[in-house]
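Read off the chains here:
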Amino acid sequence: MSLPETDEPQRISDIMRQLMDTAATEGTVTVGYLLHMFGVRGFAFLLLMLSLLNIVIFMVPFISILFGLPMVILAVQMVLGLHAPIFPQVTRRQTIQRVALTQGLQRALYGVEKIENYIKPRLMFLTHPFFNRVHGMLALILAVMVTLPIPLFNVPPSIGLALLAIGMLQRDGIFILLAYTVGFWCLILFKSLGHIAHALTS
């Protein structure tokens, strides 16, 4: 079951409530089912949902890889200029506990509702389709960071991805600028980690 499409953009919190209602059953769910449940709503929406889930349930083993790989695929397709997301079967077959999914959506919903009052159309030239491939490059860099098996350090790039997706979805250039700021900070953070690792191994 996928979410219904509408001409008018819905509030992100309303979409997440629909997701929670759809996912609230026992057992496990595949990444493919999750993507199907999101519907064909574009790259930004999928990036937002995957990054939010990665933020709130990051303690689940290997969850950053489960969510990070689809985000890498989405970002690459954004850079290539594709109009709709396409995922290979090897990614779609990966599973996640449905309880973890619904609890993650519930925690993410709380945070989204807190910031929704601050989201509004601003600096809308940054959301023009002309910039989509540029934003895709930022998304790709952050998504690769998410997939790296470094505990806790995949949360900051997930935050950057969420900010970018919110800005693109709601035409809020301030959130897009915040995403680039977080992305730059993540590059500095991961560069520092590289120096530390080199020092420890030398």
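A. Local environment of a nonpolar patch on the surface. On the surface, L123, F125, I174, L177 and L178 cluster together into a nonpolar patch covering about 420 Å² of accessible area. Of note, L123 is situated in the loop between helix 6 (98–115) and helix 7 (132–147).

B. Geometry of the pattern of salt bridges. Applying the stated criterion across every chain, the model contains one salt bridge. Residue R122 is joined to D172 by a salt bridge in which the shortest nitrogen-to-oxygen separation is 2.6 Å. Here D172 lies in the loop between helix 8 (155–170) and helix 9 (173–201) and R122 lies in the loop between helix 6 and helix 7, a separation of 50 residues in the sequence. Assessed through its relative accessible area of 0%, D172 is described here as buried.

C. Main features of the packing of helix 7 against helix 8. It is at 8 Å that the axes of helix 7 and helix 8 come closest, and there the two elements cross at 155°. One finds that helix 7 runs roughly antiparallel with respect to helix 8. Crossing angle aside, the handedness with which helix 7 passes helix 8 is left-handed. The residues of helix 8 that touch helix 7, namely those facing N132, H135, L138, A139, L142, A143, M145 and V146, are P157, S158, G160, L161, L164 and M168.

D. Region of the structure containing the packing of helix 3 (residues 43–56) against helix 8. Viewed as axis vectors pointing N to C, helix 3 and helix 8 meet at an angle of 150°, and their least axial separation amounts to 8 Å. In terms of orientation, helix 3 lies roughly antiparallel with respect to helix 8. Remark: the crossing between helix 3 and helix 8 carries left-handed chirality. Side by side, helix 3 and helix 8 meet where A44, F45, L47, L48, S51, L52, N54 and I55 of the first sit next to V155, S158, I159, L161, A162, A165, I166, M168 and L169 of the second. When its residues are assigned to classes, the contact of helix 3 with helix 8 shows 14 nonpolar, three polar and no charged.

E. Up close: the confidence of the model for the protein chain. Of all residues in the protein chain, 81% attain a pLDDT of 70 or more, and the chain-wide mean is 79. When pLDDT is averaged over each element of the protein chain, helix 7 comes out on top at 93 and helix 2 (residues 31–38) at the bottom at 67.

F. View of the nonpolar core. Within the largest apolar cluster, 53 residues are counted, with the highest numbers of intra-cluster contacts made by M16, L47, L48, L52, F67, M71 and L161. Take this core: its biggest share by element is 10 residues, from helix 3. Non-local contacts of L47, meaning those with residues more than four positions away in its chain, are made with M71, L74, M78, A139, L161 and A165.

G. Quick look at the environment of G68. As for its placement among the helices and strands, G68 is situated in helix 4 (residues 63–80). Residues G68 and S158 lie 90 residues apart in sequence; the distance between their C-alpha atoms is 8.8 Å.

H. Layout of the environment of R93. Considering the arrangement of structural elements, one finds R93 in the loop between helix 5 (89–92) and strand 2 (95–97). Exposure remark for R93: the relative accessible area of 54% places this residue in the exposed category. The sequence separation of R93 and V31 amounts to 62 residues, and the corresponding C-alpha distance is 6.2 Å.

So, how was this worked out
- Residues numbered from 1 in each chain as written.
- Predicted model: local features only at pLDDT ≥ 70, side-chain atom pairs only at ≥ 80, totals over all residues.
- Heavy atoms only, no water.
- Patch = residues over 30% accessible without salt bridge, like charges linked within 9 Å, V, L, I, M, F, W, Y side chains within 5 Å.
- Areas by Shrake-Rupley, 256 points an atom, 1.4 Å probe, with all protein chains shown as cover.
- Salt bridge = Lys/Arg side-chain N within 4 Å of Asp/Glu carboxyl O.
- Helix = DSSP H or I, 4+ residues; strand = E, 2+ residues; numbered from the N terminus.
- Buried < 20%, exposed > 50% of the residue type's maximum accessible area, 1.4 Å probe, protein only.
- Axes fitted to C-alpha atoms, helices over the stretch in contact; angles between N-to-C directions.
- Parallel < 35°, antiparallel > 145°, perpendicular 65-115°, else oblique.
- Left-handed = near helix turned anticlockwise from the far one by under 90°.
- Contact = heavy atoms within 4.5 Å.
- Nonpolar A, V, L, I, M, F, W, Y, C, P; charged D, E, K, R; others polar.
- pLDDT = per-residue confidence, 0-100.
- Core = buried A, V, L, I, M, F, W, Y, C linked by side-chain atoms within 4.5 Å.

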